[in-house]
Amino acid sequence: MARANILSPTAGSVWKIEMKLGDRVEEDDPIMILESMKMEIPVMSDAPGTLIEILVSVSDSVNEDQVVAMIETDRDAN
Amino acid sequence: MSWQPEVDEITARQNAALKLGGEANIARHHSRHRLTVRERIHALLDDGSFEEIGSLTGNSVYDEEGRRIGSAPSNIVCGFGKADGRTIFVTGDDFTLKGGSSEAGNVYKQRHSELLVRDMKVPLVRLVDGSGGGGSVRDLEDIGRTYVPLGRHRPPVVPVVVENLSRVPVVGLCLGSVAGIGAIRVVISHYSMMVRDSSHLFVAGPPLVNQTGETPRTKEELGGAGIHGKSGAIDDIVDSELEAFERTRRFLSYLPSSVDDLPPRACIDDDPDRVEESLINAVPRERRRPHKVRKIIEAIVDRGSFFELSRTYGKSIVIGLARFDGWPVLLMAGDPFTMGAAWTAAASQKITRFVDMANTFHLPVVHLVDCPGFEIGLRGETANTIRHGARAICAISAFKGPWCSIIIRNATGLGGAAHQPVEAISMRYAWPSARWGSLPIEGGIEAAYKTEIETAPDPEAKRTEIYARLEAIQSPFRTAEVYDIEELIDPRGTRSVICRFANRTSGLRQTSPVSLPLRP
């Protein structure tokens, strides 16, 4: 197992947080939804695992590639 | 009396050159998980195809009787070879000899390499390592004076390097810690790569930068993959040198050998009329939900033919090379996962670079249009989006080849308006999910109906009422009725439409010279 950063795919603001700490996540599961240029952009997990940190709150502004959450993956990190 | 002794001398010197900088330096180079220059050339080219030029170049020491008592080969290895059967020219820096610097280099060889590719009209791959032939302060003691950089004391290299950008495909590989002129030789190219955790690229490295008072940084912190994966200086970060060579061969396969040729058609076993059922649901009906554009791309191109370029830079636009019924094209598509597919400053620069490249090498362009306009807000203004966006508009407007646009979602604002050149050989289609206009409805309502909304008894209800009226007018069918969009299509038939376009326009591609010199 390893810790993996979940990165924001875009600059925007946090609109909804869809999961809570300890939740099981699968690859492509949306952890939170950002709003950017009138679009609802899901921040998805890159790998299966467990959500162990959420580093932002609703209404926070985020930058592209900012670390917004962390998961503990089921497999070794790359 | 034969010339066998001299021939033996040629062979002896060529064999000596194979030893590069010696076993100890080679071992040190390998310990950093890097290949030697000759190993790189061997891995890049088809087996047995390398024909070295300048194999005897080097520095020799002679005694008072004129006997050769010492020697070292040049740290530039170059020559012709084949990449997947096509002739290319490769030039590589030998870091095991004086760190690839001019101390062991030969500027005549470096310059002649660039002249050869220009005049022989073959693609060029630069395997750059170290300073890439850049100057060393030790040179000053050897020559007894200083010199104006790139001045008249030596034949100029950079002008030919610049000229080749408009003549032949050039790939720049950053394979070590590269600075100065080496860095320039990487980025004055059509496609560049560096190796994660091994390569570095900077204007100047830590020894110089750490003298300036700036916070001391390591090579990785100053010019590693973490920096240039996002800066735009390097197109793609790869995990190994072998991956870089494979991607180099693949990149070149979409392009002609020079501007005097047309891009080659590949033999493809994929039905040009293949119907893709997934595309009927690819774009969500909810306008705020993004679609996965790469899945759409993979569904319509010849299977496995999409070769993405510069994936981690300017991410709101996806750009790459692809094939439709074997015909190579430049493919662009908005990615709504980044900034709703708005053209940011970085995306605009990416568009400009690669549309210009396609124009230079006679590649048609296929554009899956989804663009709500340029990025708005303070971040976009600070990044000078309007000027970079204007340059992208100019690049598209100047494009002379065939261009096919499929509007799959948004075409609004300046970016949406620039989705294709007006004068060129172009066709335009749209999916039923397409919406267009000068402004997105949402923002336009606030501006145009400001007073009506603010003075209404229930502003939110008034806003909703106005939106519903305008939503009906937005139907793409109304636009098609007046031929302001040429054709609406079933998304599932997109591949067939584009393949027919590619075949119909293949004979219209021309090897006419580029009107403006290309810039990196």
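**Concerning the overall build of chain B**
Phase 1: Counting its secondary structure elements, chain B contains 21 helices and 19 strands.
Phase 2: In terms of principal-axis extent, the alpha carbons of chain B reach across some 105 × 55 × 40 Å.
Phase 3: By the burial criterion, 51% of the 520 residues in chain B qualify as buried.
Phase 4: Excluding contacts between residues fewer than 6 apart, the proportion of contacts in chain B whose partners are at least 24 apart in sequence is 72%.
Phase 5: Total accessible area computed for chain B in this model is approximately 24100 Å², and 54% of it derives from carbon and sulfur atoms.
Phase 6: Looking at chain B, you have 63 positive and 65 negative side-chain charges, and the mean spots of the two groups are 2 Å apart.

**Here's the deal with the confidence of the model for chain B**
Phase 1: Scored by pLDDT, chain B has a mean of 90; 94% of the residues are at 70 or more.
Phase 2: In the model output, the complex is listed with pTM 0.91 alongside ipTM 0.86.

**Quick look at the interface of chain A and chain B**
Phase 1: If you look at the interface, chain A gives 16 residues, while chain B gives 19 residues.
Phase 2: Of all residues in chain A, M37, M39 and E40 of chain A bury the most surface against chain B, accounting for 40% of the area lost on that side.
Phase 3: Inspection of the region where chain A meets chain B yields six salt bridges.
Phase 4: Its salt-bridge partner being R288 of chain B, residue E40 of chain A comes within 2.8 Å of it at the nearest N-O pair.
Phase 5: Our count for the contact surface shared by chain A and chain B stands at eight residue pairs in polar contact (both at pLDDT 80 or more).
Phase 6: Listed by contribution, the elements that provide at least two residues to the side of chain A that touches chain B are strand 4 (30-36) and strand 5 (39-44) of chain A.
Phase 7: Of the residues forming the side of chain A that touches chain B, the biggest block, five residues, is contributed by strand 5 of chain A.
Phase 8: Tallied by class, residues from the side of chain A that touches chain B come to eight nonpolar, two polar and six charged.

**Considering the side chain of S305 of chain B**
Residue and element names in this part refer to chain B.
Phase 1: Structurally, S305 can be placed in the loop between helix 12 (293-300) and strand 12 (307-309).
Phase 2: At 2.8 Å, the side chain of S305 forms a polar contact with the backbone oxygen of D302.
Phase 3: S305 has contacts with R250, Y254, L321, A322 and R323, leaving out every residue within four places of it along the chain.

**Some details on the sheet that holds strand 6 (residues 49-54) of chain A**
Sheet strands associate in pairs through backbone hydrogen bonding, adopting either a parallel or an antiparallel arrangement.
Phase 1: In space, the four strands of this open sheet follow the order 1-8-6-3 (chain A), with antiparallel pairing throughout. The strands lining the two open edges of the sheet, one partner per strand, are strand 1 (3-7) and strand 3 (24-25) of chain A.

**Focus on the packing of aromatic side chains**
Phase 1: Going through the model one piece at a time under the given rule, you end up with six aromatic pairs over all chains.
Phase 2: Arranged with centres 4.9 Å apart and planes meeting at 85°, the rings of F80 of chain B and F89 of chain B form a pair that is edge-to-face.
Phase 3: When the ring of F399 of chain B is compared with that of W403 of chain B, the centres are 5.3 Å apart and the planes differ by 75°; the resulting orientation is edge-to-face. Across the pair, exposure class does not vary: F399 of chain B and W403 of chain B are buried alike.
Phase 4: Members of the aromatic cluster, connected to one another through ring pairs, are Y191, F251, Y254 and F307 of chain B.
Phase 5: Taking the ring centre of W15 of chain A as reference, the NZ or CZ of R288 of chain B above it sits at 5.3 Å.
Phase 6: The ring of Y254 of chain B has R323 of chain B sitting right over it, with the charged end atom 4.2 Å from the ring centre.

**Some details on helix 15 (residues 385-397) of chain B**
Residue and element names in this part refer to chain B.
Phase 1: Between its first and last C-alpha atoms helix 15 spans 18 Å; for 13 residues at 1.5 Å apiece the expected length is 18 Å, and the two agree.
Phase 2: Of the residues making up helix 15, those classed as buried are T385, G389, A392, A395 and I396. Burial along helix 15 is one-sided: seen end-on, the buried residues are contained in an arc of 115°. Set apart from the buried face of helix 15 by more than 90 degrees, the exposed residues are R387 and C394.

**Some thoughts on the packing of helix 13 (residues 345-360) of chain B against helix 15 of chain B**
Residues and elements named next belong to chain B.
Phase 1: Interhelical geometry of helix 13 versus helix 15 gives an angle of 20° and a closest axis separation of 8 Å. Put simply, helix 13 runs roughly parallel to helix 15. The element helix 13 and its partner helix 15 pack so that their crossing is left-handed. Residues A345, S348, Q349, I351, T352, V355 and D356 of helix 13 lie in contact with helix 15, whose contacting residues are T385, H388, G389, R391, A392, A395 and I396.
Phase 2: Within the contact of helix 13 with helix 15, the residues separate by chemical class into six nonpolar, six polar and two charged.

**Some thoughts on the sheet that holds strand 4 (residues 76-83) of chain B**
Residue and element names in this part refer to chain B.
Phase 1: Spatial ordering of the open sheet is given by 1-4-5-6-7-9-11, a layout of seven strands whose pairing is mixed. The open sheet has two edge strands with one neighbour each: strand 1 (51-53) and strand 11 (236-238). Recorded for the sheet is a direction-independent mean angle of 25° between the axes of neighbouring strands.
Phase 2: By the bridge criterion, three bridges tie strand 9 (residues 191-195) to strand 11 in an arrangement that is parallel. For M194, the partnering residue across the bridge sits in strand 11 and is I237.
Phase 3: Each of strand 1, strand 4, strand 5 (86-93) and strand 6 (124-128) is contacted by helix 4 (residues 107-120), which is oriented at about 20° to strand 4, the strand it contacts most.

**Describing the side chain of S189 of chain B**
Residue and element names in this part refer to chain B.
Phase 1: When you line up the elements, S189 lands in the loop between helix 7 (181-187) and strand 9.
Phase 2: Reaching out from S189, the side chain makes a polar contact with the backbone oxygen of V186 at a distance of 2.7 Å.
Phase 3: A polar contact of 3.4 Å, which involves the side chain of S189, links it to the backbone oxygen of Y191.

**Things to note about the packing of helix 3 (residues 37-44) of chain B against helix 11 (residues 241-253) of chain B**
All names here are of chain B.
Phase 1: At a minimum axis distance of 9 Å, the contact between helix 3 and helix 11 shows a crossing angle of 45°. On the basis of the axis angle, helix 3 is oblique to helix 11. The handedness of the crossing between helix 3 and helix 11 comes out as right-handed. Contacts between helix 3 and helix 11 involve R40, A43 and L44 from the former and E241, L242, F245, T248 and R249 from the latter.
Phase 2: A per-class count over the contact of helix 3 with helix 11 returns four nonpolar, one polar and three charged.

Reading guide: rules and limits
- Here, residues in each chain are numbered from 1, in the same order as that chain's written sequence.
- Following the order in which they are written, the chains are lettered starting with A and the ligands numbered starting with 1.
- Residues qualify for local features only when their pLDDT is at least 70, as the model is predicted, and side-chain atom pairs are given and counted only at 80 or more; totals for whole chains, interfaces and linings, by contrast, use all residues.
- As a convention, hydrogens and water are excluded, and side-chain values are obtained from all of the structure's heavy atoms.
- To qualify as a helix, a DSSP run of H or I must reach at least 4 residues; to qualify as a strand, a run of E must reach at least 2; elements of each kind are numbered from the N terminus.
- Burial classes follow relative accessibility: with a 1.4 Å probe on protein chains only, a residue under 20% of its type's maximum area counts as buried, one over 50% as exposed, and anything between as partly exposed.
- Whether two residues are in contact is decided by their heavy atoms, any of which lying within 4.5 Å being enough.
- Computed with a 1.4 Å probe, the accessible areas rest on the Shrake-Rupley method; for each residue, only the protein chains presented here act as cover.
- Neither His nor the chain termini are counted; the positive set is Lys and Arg, and the negative set is Asp and Glu.
- One atom stands in for each charge, and that atom is NZ of Lys, CZ of Arg, CG of Asp or CD of Glu.
- A residue's pLDDT is the predictor's confidence in that residue, given on a scale from 0 to 100.
- Buried area, as used here, totals the accessible surface that two parts lose on assembly, with accessibility defined by a 1.4 Å probe and the loss added over both.
- Salt bridge, as applied in this entry: a Lys or Arg side-chain nitrogen positioned within 4 Å of an Asp or Glu carboxyl oxygen.
- Within 3.5 Å is the distance limit for a polar contact, defined as a pair of N or O atoms, with the added protein rule that one can donate a hydrogen and the other accept it, and that residues adjacent in sequence qualify only through two side-chain atoms.
- Residues are grouped as follows: Ala, Val, Leu, Ile, Met, Phe, Trp, Tyr, Cys and Pro are nonpolar; Asp, Glu, Lys and Arg are charged; every other residue, Gly included, is polar.
- Note: two strands are recorded as paired if DSSP finds a minimum of 2 bridges between them.
- Note on aromatic contacts: the rings of Phe and Tyr and the six-membered ring of Trp form a pair at centre separations within 6.5 Å, being stacked when their planes are under 30 degrees apart, edge-to-face when over 60 apart, and tilted otherwise.
- For a Lys NZ or an Arg CZ to count as sitting over a ring, it must be within 6 Å of the ring centre and within 35 degrees of the ring normal.
- What a helix should span is 1.5 Å times the count of its residues minus one.
- Our arc is simply the arc of the directions from the helix axis toward the C-beta atoms.
- Every axis in this analysis is a line fitted to C-alpha atoms, fitted for helices over the stretch in contact. Angles between the N-to-C directions lie between 0 and 180 degrees.
- Orientation categories follow fixed angle ranges, with anything under 35 degrees roughly parallel, anything over 145 roughly antiparallel, 65 to 115 roughly perpendicular, and all other angles oblique.
- Two helices that cross are described as forming a left-handed crossing if the nearer one is turned anticlockwise from the farther one by less than a right angle, and a right-handed crossing if clockwise.

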